[in-house]
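As a plain string of letters, each chain reads:
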Amino acid sequence: MPTVFLPMCADMFHIGHVNILKTAASHGTVTVLLMTDNAMALYKRSPLITYEHRKEILISNQYVSNVLPCDGPQTYGSMVSKHRPDFFVHG
């Protein structure tokens, strides 16, 4: 099955997250590149929910197969080069 990378913050999980996860899953097995707490603080704002709790929420979702820590958009390229997903979905 094809692999799909989907970067997310997933802070305050909502229906928009479900919709993009469903779309990503329609293309293959979904791995979420989940922003670390530090990356979120530098990129947007400090998270309301810790990385570990956001990861647990995502792993419990039927559309998510794996979660990898992500240190921000500047790391997408190196993560794609390392893991070679078939698709990269971005909201």
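Structure first, text after, so check above.
(A) Highlighting unusual backbone geometry. Non-glycine residue Ala10 carries a positive phi angle of around 55°. Within the element layout of this structure, Ala10 appears in the loop between strand 1 (3–8) and helix 1 (15–25). Residues other than glycine seldom take positive phi values, yet Met12 does so here, at roughly 60°. With respect to the helices and strands, Met12 occurs in the loop between strand 1 and helix 1.

(B) Representation of helix 3 (residues 51–59) in the model. For helix 3, the full list of buried residues reads Tyr51, Arg54 and Leu58. All buried residues of helix 3 fall inside an arc of 65° around its axis, so they share one side. Counted as exposed and oriented over 90 degrees from the buried face of helix 3: His53 and Glu56. Along its buried surface, helix 3 packs onto strand 1, helix 1, strand 2 (29–35), helix 2 (37–43) and strand 3 (64–70).

(C) Summary view of the sheet that holds strand 4 (residues 87–88). Strand order in the open sheet formed by four strands is 3-2-1-4, and the pairing between neighbours is parallel. Sheet topology places strand 3 and strand 4 at the edges, where each strand pairs with a single neighbour. Bridge count for strand 1 against strand 2 is six bridges, and the pairing is parallel. Bridging from a neighbouring strand, Thr3 pairs with Thr29 of strand 2. Strands strand 1, strand 2, strand 3 and strand 4 of the sheet are contacted by helix 4 (residues 76–83), whose axis makes an angle of about 130° with strand 3.

(D) Examining the packing of aromatic side chains more closely. In the structure shown here, the tally under the stated rule is one aromatic pair. Ring geometry for Tyr76 against Phe88: centres 5.4 Å apart, planes inclined by 50°, an arrangement best described as tilted. Of this pair, Tyr76 sits in helix 4 while Phe88 sits in strand 4, placing them 12 residues apart in sequence. Residue classification places Tyr76 among the buried positions, given a relative accessible area of 14%.

(E) Summary view of the side chain of Thr31. If you trace the backbone, Thr31 turns up in strand 2. Thr31 gets classed as buried once you look at its relative accessible area, which sits at 11%. When sequence neighbours within four positions are dropped, the list of residues in contact with Thr31 reads Val4, Phe5, Leu6, Asn66 and Leu68.

(F) The arrangement of the pattern of salt bridges in detail. Evaluation of the coordinates by the stated rule reveals two salt bridges. Asp11 serves as the salt-bridge partner of Arg45, at 2.8 Å between the closest nitrogen and oxygen. Taken as a pair, Arg45 in the loop between helix 2 and helix 3 and Asp11 in the loop between strand 1 and helix 1 lie far apart in primary sequence, 34 residues in all. Owing to a relative accessible area of 7%, Asp11 belongs among the buried residues under this scheme. Among the ionic pairs, Arg54 bridges to Asp37, the shortest N-O distance being 2.7 Å. In this pair, Arg54 is assigned in helix 3 and Asp37 in helix 2, connecting sequence segments 17 residues apart. The buried category is assigned to Arg54, whose relative accessible area is 0%.

About the criteria used
- Residues numbered from 1 in each chain as written.
- Predicted model: local features only at pLDDT ≥ 70, side-chain atom pairs only at ≥ 80, totals over all residues.
- Heavy atoms only, no water.
- Helix = DSSP H or I, 4+ residues; strand = E, 2+ residues; numbered from the N terminus.
- Buried < 20%, exposed > 50% of the residue type's maximum accessible area, 1.4 Å probe, protein only.
- Arc of directions from axis to C-beta.
- Contact = heavy atoms within 4.5 Å.
- Pairing = 2+ DSSP bridges.
- Axes fitted to C-alpha atoms, helices over the stretch in contact; angles between N-to-C directions.
- Phe/Tyr/Trp six-rings, centres within 6.5 Å; stacked < 30°, edge-to-face > 60°.
- Salt bridge = Lys/Arg side-chain N within 4 Å of Asp/Glu carboxyl O.

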